[in-house]
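# A closer look at the structure
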Amino acid sequence: MNGLDAIFSPQTVAVVGASTTPGKVGHDIFSNILKGGYSGTLYPVNPHARSVLSVRAYPSVNEIPDELELAIIILPPKLALESVKESVRRGVRGIVIVSAGFREVGKEGAEIEQKIVSVCREAGVRLVGPNCLGVINPLESVRLNASFSARMPAPGKISFISQSGALCTAVLDFAADRDFGFSKFISIGNKADVDELDLLQYLHEDIDTEVIMIYLEELRRGHEFIEAVKEITSGRRRTPILVIKSGRTSAGARAAASHTGALAGSEAVYDSIFEQSGIIRAESINELFDFAGAFTYKTSTALGKVSRKLPAGNQVAIVTNAGGPGIVATDMTISAGLDLASFQDETIKELSQHLPATANVHNPVDVIGDATQDRYESALSAVLKDEGVDGALVILTPQSMTDALGIAKAIVRVARGSRKPMLSCFMGIIDVSEGVKFLQEHGYPVFRFPEDAAKAFGAINRYSKWLNRKERKPFKLHHHEEQATKIIENHLNAGKTYVGELGGLDLLKCYGFNVLPTELAKTAQEAAEIAERIGLPVVLKIVSEQIVHKSDAGGVLVKLQDKASVMEGFERIVANAGEYSSEAVIDGVLVQKMAPSGEEVIFGMNRYPTFGPLLMFGMGGIFVEVFQDVKFSLAPVSREEAVRMIHGIKGFKLLKGFRGRPKADIRALEKLLVSMSALAMNHPEISEMDLNPLLVHAEGEGVTVADCRIILKRPDN
Ligand code: ADP
Ligand code: MG
């Protein structure tokens with residue numbers, strides 16, 4: 001336990017700043033705790049009042065004739081600091097500061113906040129806030145509603161962490177409408193001491209929490225967060241975490257000319273942090289609740305053990321009594337990363353026996369508008385028995401003869417006999433309400449629209465895939481770190497922060513990259529001699545610090561077969577470059593051996609404040625420019641993460657060998673991505689890298705660097 005019990009389940013609570021004036025925060029919080037039926041002992045602290053809501057008040061915490069576990073402070077910053085000192089001396093174990101006016105308003109507030117944190121840390125007292133809505137624990141044995149919200153939610157198995165106080169009240173309102181219960185509910189405000197990671201770890205240990213939902217604005221820990229959360233989502237006693245993230249963030253990537261810089265907006269960092277740690281992202285609050293329903297869905301096994309109902313794969317069966325919604329669900333299924341299962345012959349035979357001739361016995365199964373509970377029941381049991389089916393979506397639209405309650409009961413009967421998840425969509429409100437209620441009361445997820453059910457199925461499937469990911473042995477890699485340091489130092493000492501292809505290739509070689517013979521020519525004659533020495537055919541590339549994208553300036557010529565075309569090519573690209581930019585200083589022309597053929601891919605690296613190096617992988621050429629088909633990962637990138645990135649892009653199909661193309665050397669790519677991560681981790685002076693393209697050859701034949709650009713910058717410290 002990380003000392004958070006005093007915050008969530010205290011025996012005694014003092015409300016410092018409890019007010020007699022209704023509408024004031026200090027009044028309402030006290031009133032909400034009182035009216036919420038708190039099971040412990042409550043003390044208002046107010047030097048100017050004899051009592052608050054008929055409860056005797058004390059002038060200070062010192063006067064309270066009892067041990068104190070939790071102090072909830074609603075006072076302006078300076079007084080709050082004094083009160084924190086007093087409370088700590090008085091022996092409290094936890095503090096919640098609700099009031100605002102701290103770091104979020106400026107320097108003075110930030111200083112007071114920092115002092116408060118020091119006082120708490122020194123005493124080993126945990127602090128929630130300041131600038132938060134408070135804490136709620138609805139469980140029968142505690143019933144603590146220390147919040148602005150007059151509504152105490154029902155007790156349940158989901159915990160909610162919010163970085164926005166205002167959102168909390170809306171969520172509570174929404175939850176009440178949906179009959180949603182909570183285990184713990186907390187608003188973290190400025191996160192001066194307790195942050196989301198502390199809470200995630202606490203809730204992971206909490207036997208009353210089965211799923212954690214979190215509303216996040218920004219994170220202040222990167223890789224440490226990923227490592228800890230991985231353990232929560234997929235280690236011992238797995239707890240799924242669902243997140244909704246607002247766009248606002250303080251960790252924007254530095255403006256950069258590289259692809260990585262342009263693509264790696266802050267959202268990409270967060271998406272990669274979530275993916276790397278197994279957190280499931282929802283796009284809206286509605287979706288968050290939809291997902292939570294699917295994630296709390298459980299099954300009892302024969303041995304009486306209760307486990308979460310997750311699909312073993314992405315093959316879904318749809319059973320519907322209406323064609324239209326069935327089509328919507330089918331479309332959504334595909335975009336949620338699922339597939340429509342194709343049924344085995346026995347399944348089709350069984351369906352034909354039980355369904356009328358007009359029914360569709362193939363997926364999506366249409367049991368026809370007049371379907372009764374019997375028809376649903378036999379169709380559902382038939383499809384769930386099919387080995388090729390991992391779960392089902394049941395769709396019901398109310399027709400005059402539809403018995404929603406009866407069908408709900410049939411769903412529960414079938415579900416009890418199967419380990420496969422079944423998500424229901426009862427369309428409409430009034431006509432289906434009894435059926436919906438029955439399902440909800442029995443813990444079966446039910447949705448209003450087929451797309452919501454499909455997305456929720458997609459979410460549990462993603463989680464299931466995360467849990468079943470393959471562990472891979474790490475690569476054994478040997479790098480020439482010292483040699484690389486020397487190259488970097490030589491550049492920086494000479495005042496160079498831009499490392500072009502020539503210097504860059506030397507650096508990459510130290511980390512196991514395969515590079516091509518490359519030399520700089522100052523004249524056409526020299527170019528021809530170099531070409532002859534390294535072997536034709538060659539590539540010519542303009543070298544100028546002012547020309548970042550060489551092809552745009554007509555500065556690249558490939559596949560030059562003989563000396564004459566090399567000489568002619570030299571003159572041509574120098575002329576092109578001059579036309580492109582009259583200010584460009586031209587250092588010469590690179591003569592590079594033509595690489596053997598391969599698929600073009602791109603590796604990138606960009607350094608973020610707080611989070612460190614972010615790596616990017618994607619298919620090269622138009623794939624990166626037009627489709628932005630890329631994946632990110634915060635370094636250090638393990639082999640597993642490299643696999644996730646490489647296998648995760650849409651263009652991966654091309655690498656696996658598509659329509660007669662040879663299968664590419666994917667393992668070599670994985671190795672290099674891990675090496676690139678090591679390069680970024682070992683050398684903080686590298687601020688950006690762009691390897692575009694790398695050419696991936698056929699399996700076993702490796703990868704060749706065909707262009708690179710590296711930016712150096714001494715880290716500020
Ligand atoms: P830039 O990205 O600055 O325009 P590149 O060095 O990437 O210039 O060259 C442009 C394109 O030329 C590459 O994307 C690649 O398709 C091709 N190319 C570059 N160097 C080689 C090489 N050594 N072998 C084969 N093709 C190459
Ligand atoms: Mg390039």
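The structure presented is a predicted model; accordingly, all values stated were derived computationally and were not measured.

## Observations concerning the overall build of the chain
For the chain, the count of helices and strands is 24 helices and 33 strands. C-alpha extents for the chain along the principal axes are approximately 100 × 80 × 45 Å. Within the chain, the fraction of its 717 residues that count as buried is 56%. Accessible surface for the chain amounts to roughly 30,500 Å². Of this, 50% is attributable to carbon and sulfur atoms.

## Details of the pattern of salt bridges
Summed over the entire model, instances satisfying the criterion amount to 41 salt bridges. Of the charged contacts, one joins aspartate 716 and lysine 713 as a salt bridge, the two residues approaching to 3.4 Å between their closest N and O atoms. The exposure class of lysine 713 is partly exposed, given its relative accessible area of 37%. When salt bridges with common partners are traced through the structure, they connect Arg121, Arg126, Asp193, Asp195, Asp198, Arg221 and Glu224 into a single cluster.

## Quick word on the site of ligand 1
Near ligand 1 there are 18 residues, and of these Lys541, Lys550, Ser551, Ala595 and Glu600 occur at the shortest range. The contact in question runs from an oxygen atom of ligand 1 to an N or O atom on the side chain of serine 551, over 2.4 Å. Taken by itself ligand 1 offers 540 Å² of open surface, and the protein chains cover 84% of this. Contributions of two or more residues to the shell around ligand 1 are made by β25 (538–543), β26 (556–560), β27 (588–593) and β31 (686–696). Residues that form the shell around ligand 1 fall into these classes: nine nonpolar, four polar and five charged.

## With respect to the sheet that holds strand β9 (residues 144–147)
Taken in spatial order, the seven strands line up as β9-β8-β11-β10-β12-β13-β14 in an open sheet, and their pairing is mixed. Each edge of the open sheet carries a strand with a single partner, namely β9 and β14 (280–281). Relative to strand β12 (residues 211–216), strand β10 (residues 154–162) is paired through five bridges, and the arrangement is parallel. Considered in β12, the bridge of serine 159 is made with isoleucine 212.

## A short note on the coordination of the magnesium ion (ligand 2)
Bound to the magnesium ion (ligand 2) are the protein donor atoms Asn692 (O) and Asp707 (OD), situated 2.1 to 2.2 Å from the metal. A residue pair is termed long-range when its members are at least 10 positions apart, and asparagine 692 in strand β31 and aspartate 707 in the loop between β32 (703–705) and β33 (708–712) qualify at 15 residues. Both residues of the pair, asparagine 692 and aspartate 707, belong to the buried class.

## A look at a nonpolar patch on the surface
A cluster of nonpolar side chains, contributed by Ile622, Val626 and Phe627, occupies part of the molecular surface with about 340 Å² of accessible area. As for its placement among the helices and strands, isoleucine 622 is situated in helix α21 (residues 622–625). Take isoleucine 622: its relative accessible area is 56%, and that puts it in the exposed class.

## A closer look at the environment of glutamate 579
Along the chain, the position of glutamate 579 falls in helix α20 (residues 563–580). On a C-alpha basis, the gap between glutamate 579 and glycine 495 in space is 28 Å, while along the polypeptide they are 84 residues apart.

## A look at the pairing of β10
For β10 and strand β11 (residues 181–187), the ladder comprises six bridges, and the chain directions are parallel. Looking at β11, one finds that proline 155 is bridged to phenylalanine 182. Read from β10 through helix α5 (residues 165–177) to β11, the crossover connection turns out right-handed.

## Notes on the packing of helix α19 (residues 524–534) against α20
In helix packing, the relevant descriptors are the interaxial angle and the interaxial distance, both defined with respect to the helix axes. At a closest axis distance of 8 Å, the pairing of α19 and α20 adopts a crossing angle of 140°. Taken together, the axes of α19 and α20 lie oblique to each other. The crossing of α19 and α20 is right-handed. The segment α19 lies against α20, with Ala524, Gln525, Ala527, Ala528, Ala531 and Glu532 engaging Lys563, Val566, Met567, Phe570 and Glu571. Here the contact of α19 with α20 is composed, by residue class, of seven nonpolar, one polar and three charged.

## Here's the deal with the nonpolar core
Grouped together as the largest cluster of nonpolar side chains are 84 residues, with contacts concentrated most on Phe182, Met422 and Phe426. In terms of residues, this core owes the most to one element, helix α16 (residues 450–467), which gives nine residues. Counting 59 residues, the second largest nonpolar core, distinct from the first, contains Ile74, Leu199, Leu200 and Phe225.

## Quick look at the confidence of the model for the chain
With 96% of its residues at a pLDDT of at least 70, the chain reaches an overall mean of 92. Note on residues 248–259: pLDDT is under 50 here. Beyond four places in sequence and across chains, it has 33 contacts.

## Some thoughts on unusual backbone geometry
Looking along the chain, the bond that leaves asparagine 363 and enters proline 364 is cis, with omega of -5°. With an omega of 0°, the peptide bond running from alanine 635 to proline 636 counts as cis. With respect to the helices, strands and loops of the structure, proline 636 is situated in the loop between β30 (630–634) and α22 (639–648). The phi torsion at leucine 53 lies on the positive side, around 50°, for a residue other than glycine. Within the secondary structure, leucine 53 is located in the loop between β3 (51–52) and β4 (55–56). Take leucine 53: its relative accessible area is 34%, and that puts it in the partly exposed class. At lysine 191, a position not held by glycine, the phi torsion is positive, near 50°. Mapped onto the secondary structure, lysine 191 falls in the loop between β11 and α6 (196–205).

## Points about the environment of lysine 298
As for its placement among the helices and strands, lysine 298 is situated in strand β15 (residues 298–300). As for lysine 298 and lysine 409, which are separated by 111 residues in sequence, their C-alpha atoms are 17 Å apart.

## Digging into the packing of aromatic side chains
Two numbers describe a pair of aromatic rings. These are the distance of the centres and the angle of the planes. Inspection of the entire model under this criterion finds 13 aromatic pairs. Their ring planes at 65° and their centres at 5.4 Å tell us that tyrosine 297 and tyrosine 444 sit as a pair that is edge-to-face. With tyrosine 297 in the loop between α10 (285–295) and β15 and tyrosine 444 in the loop between α15 (433–441) and β22 (446–447), this residue pair connects regions lying 147 residues apart in the sequence. Side by side, tyrosine 297 and tyrosine 444 carry an identical accessibility label, which is buried.

## Notes on α22
Within α22, eight of the 10 residues are buried, which leaves it mostly tucked inside the rest of the structure. Looking only at α22, the buried set comprises Arg639, Glu640, Glu641, Ala642, Val643, Arg644, Met645 and Ile646. Elements that come into contact with the buried residues of α22 comprise α7 (223–234), α9 (266–277), β29 (612–619), β30, α23 (652–655) and α24 (666–682).

## Some remarks on the side chain of glutamate 287
Position of glutamate 287 among the secondary structure elements: in helix α10. When its relative accessible area of 11% is taken as the criterion, glutamate 287 is described as buried. Side chain to side chain, glutamate 287 and lysine 455 meet in a polar contact 3.4 Å long. Look past the residues within four positions of glutamate 287 in its chain and what remains in contact with it is Arg281, Ala282 and Lys455.

What counts and what doesn't
Residues numbered from 1 in each chain as written. Chains lettered and ligands numbered in written order. Predicted model: local features only at pLDDT ≥ 70, side-chain atom pairs only at ≥ 80, totals over all residues. Heavy atoms only, no water. Helix = DSSP H or I, 4+ residues; strand = E, 2+ residues; numbered from the N terminus. Buried < 20%, exposed > 50% of the residue type's maximum accessible area, 1.4 Å probe, protein only. Areas by Shrake-Rupley, 256 points an atom, 1.4 Å probe, with all protein chains shown as cover. Salt bridge = Lys/Arg side-chain N within 4 Å of Asp/Glu carboxyl O. Near = heavy atom within 4 Å. Polar contact = N/O pair within 3.5 Å; in protein donor to acceptor, adjacent residues only side chain to side chain. Nonpolar A, V, L, I, M, F, W, Y, C, P; charged D, E, K, R; others polar. Pairing = 2+ DSSP bridges. Donors = N, O, S within 2.8 Å, 3.2 Å for Na, K, Ca; no water. Patch = residues over 30% accessible without salt bridge, like charges linked within 9 Å, V, L, I, M, F, W, Y side chains within 5 Å. Right-handed = clockwise from strand over helix to strand, strands pointing away. Axes fitted to C-alpha atoms, helices over the stretch in contact; angles between N-to-C directions. Parallel < 35°, antiparallel > 145°, perpendicular 65-115°, else oblique. Left-handed = near helix turned anticlockwise from the far one by under 90°. Contact = heavy atoms within 4.5 Å. Core = buried A, V, L, I, M, F, W, Y, C linked by side-chain atoms within 4.5 Å. pLDDT = per-residue confidence, 0-100. Phe/Tyr/Trp six-rings, centres within 6.5 Å; stacked < 30°, edge-to-face > 60°.

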